[in-house]
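Here are the chains, one letter per residue:
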Amino acid sequence: MLALAVLVALQGNAVFLDHTPDGSVAARLAQRSVPLFSGQGIMPIPVDHPAGQQNIEFLSSSGTVLGSRTIEVRKVAFPQQNIVIDPSKKQIEPSPGEREAVSRLRETLTPVRRFALPFTPPVRGCMNSPFGVARLHNGQPSGNYHRGVDQRSPHGRPVRAAAAGVVRISRMFNLHGGTIGLDHGQGVTSLYLHLSRFAVKEGHTVKQGDIVGYIGATGFATGPHLHWQVHVHGVPVNPLQWVKLTPCATCRECRLGG
């Protein structure tokens, strides 16, 4: 059997696994194990995962290691970004059960894969804040990094499902604002925040490109925009691996002052 090439992944990306040994039901990297579905799966690489070469192990149902594959995790120099926050926004507290609902979505695991690659941009607006940046609030470190991307977009513009899925969250929260959470299957979920209103209810099934809500500035937001995230087995990953977005620096509308 020919040796497989070394897998390469950036911090904050996901690794798509195939060519796994017969009988493999899970893959393990460091202390993280993820399920395989018919021998295929997705391993998230957190932004703080150590760089360097490591082994992904493939496990049987009894936990026996059936084989392994080398992965090289490459370090990413995530920049800083300062956000000017009105003092009143700093006082916002989460709604009762808000954090728990979002955590449940991120950990959702359903066996049916509903998504296909690539994802589609939820809105036409360009990207004005990328994934992974260390956030400063009014010049002071917040201790947080940006777990998704922000897209510049006017109030009321439709927001579309980046991929097919089931609506697990359709609620107005204090902190996240108007929130849609989609379960795309096999450990992949996405969140759409700060919406002004909703177009779908919890339990609805949506196709890629269906309208799920409308742009707003609700919750912890400085103005109308869409913040959206992709998670793999509970870990935020860079949406730019899944979809192509235009940065504001190269956006014709932004250059013209639109």
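Residues numbered from 1 in each chain as written. Predicted model: local features only at pLDDT ≥ 70, side-chain atom pairs only at ≥ 80, totals over all residues. Heavy atoms only, no water.

**Points about the nonpolar core**
Inside soluble globular proteins, nonpolar side chains tend to come together where they are buried.
Then, number 1: Counting residues in hydrophobic clusters, the biggest one holds 31 residues, and the most contacted among them are Phe-119, Val-159, Val-188, Tyr-192, Leu-226, Trp-228 and Trp-242.
Then, number 2: Broken down by secondary-structure element, the contributors of at least two residues to this core are strand 15 (178-185), strand 16 (188-195) and strand 20 (225-232).
Then, number 3: For this core, the element with the most residues is strand 20, which contributes four residues.
Then, number 4: If we skip the residues at most four places from it in the chain, Val-159 touches Pro-122, Val-123, Tyr-192, Leu-195, Asp-210, Ile-211, Val-212, Gly-213, Tyr-214, Ile-215 and Leu-226.
Then, number 5: Core analysis: the next-biggest nonpolar cluster, separate from the first, contains 14 residues, Leu-7, Leu-29, Phe-58 and Val-73 among them. (Core = buried A, V, L, I, M, F, W, Y, C linked by side-chain atoms within 4.5 Å. Buried < 20%, exposed > 50% of the residue type's maximum accessible area, 1.4 Å probe, protein only. Helix = DSSP H or I, 4+ residues; strand = E, 2+ residues; numbered from the N terminus. Contact = heavy atoms within 4.5 Å.)

**Topic: the packing of aromatic side chains**
Then, number 1: In total, this model carries six aromatic pairs according to the counting rule given.
Then, number 2: Seen from their ring centres, Phe-78 and Phe-131 are 6.3 Å apart, and the 75° between their planes marks the pair as edge-to-face. Here Phe-131 lies in the loop between strand 9 (127-129) and strand 10 (134-137) and Phe-78 lies in the loop between strand 7 (65-74) and strand 8 (80-83), a separation of 53 residues in the sequence.
Then, number 3: The partly exposed category is assigned to Phe-78, whose relative accessible area is 26%. (Phe/Tyr/Trp six-rings, centres within 6.5 Å; stacked < 30°, edge-to-face > 60°.)

**Some details on helix 1 (residues 98-106)**
Then, number 1: Among all positions in helix 1, only Glu-98, Ala-101, Val-102, Leu-105 and Arg-106 are buried. Mapping the buried residues of helix 1 onto a view down its axis gives an arc of 140°, with all of them on the same face.
Then, number 2: Looking at the buried residues of helix 1, the elements they touch are strand 14 (165-172), strand 15, strand 16 and strand 20. (Arc of directions from axis to C-beta.)

**Considerations on the pairing of strand 1 (residues 7-10)**
Then, number 1: Residue alternation in strand 1 divides its side chains into a buried set, Leu-7 and Ala-9, and an unburied set, Val-8 and Leu-10.
Then, number 2: Of the pairings in the sheet, the one linking strand 1 to strand 7 comprises four bridges and is parallel in character. Within the sheet, the bridge partner assigned to Leu-10 lies in strand 7 and is Arg-74. (Pairing = 2+ DSSP bridges.)

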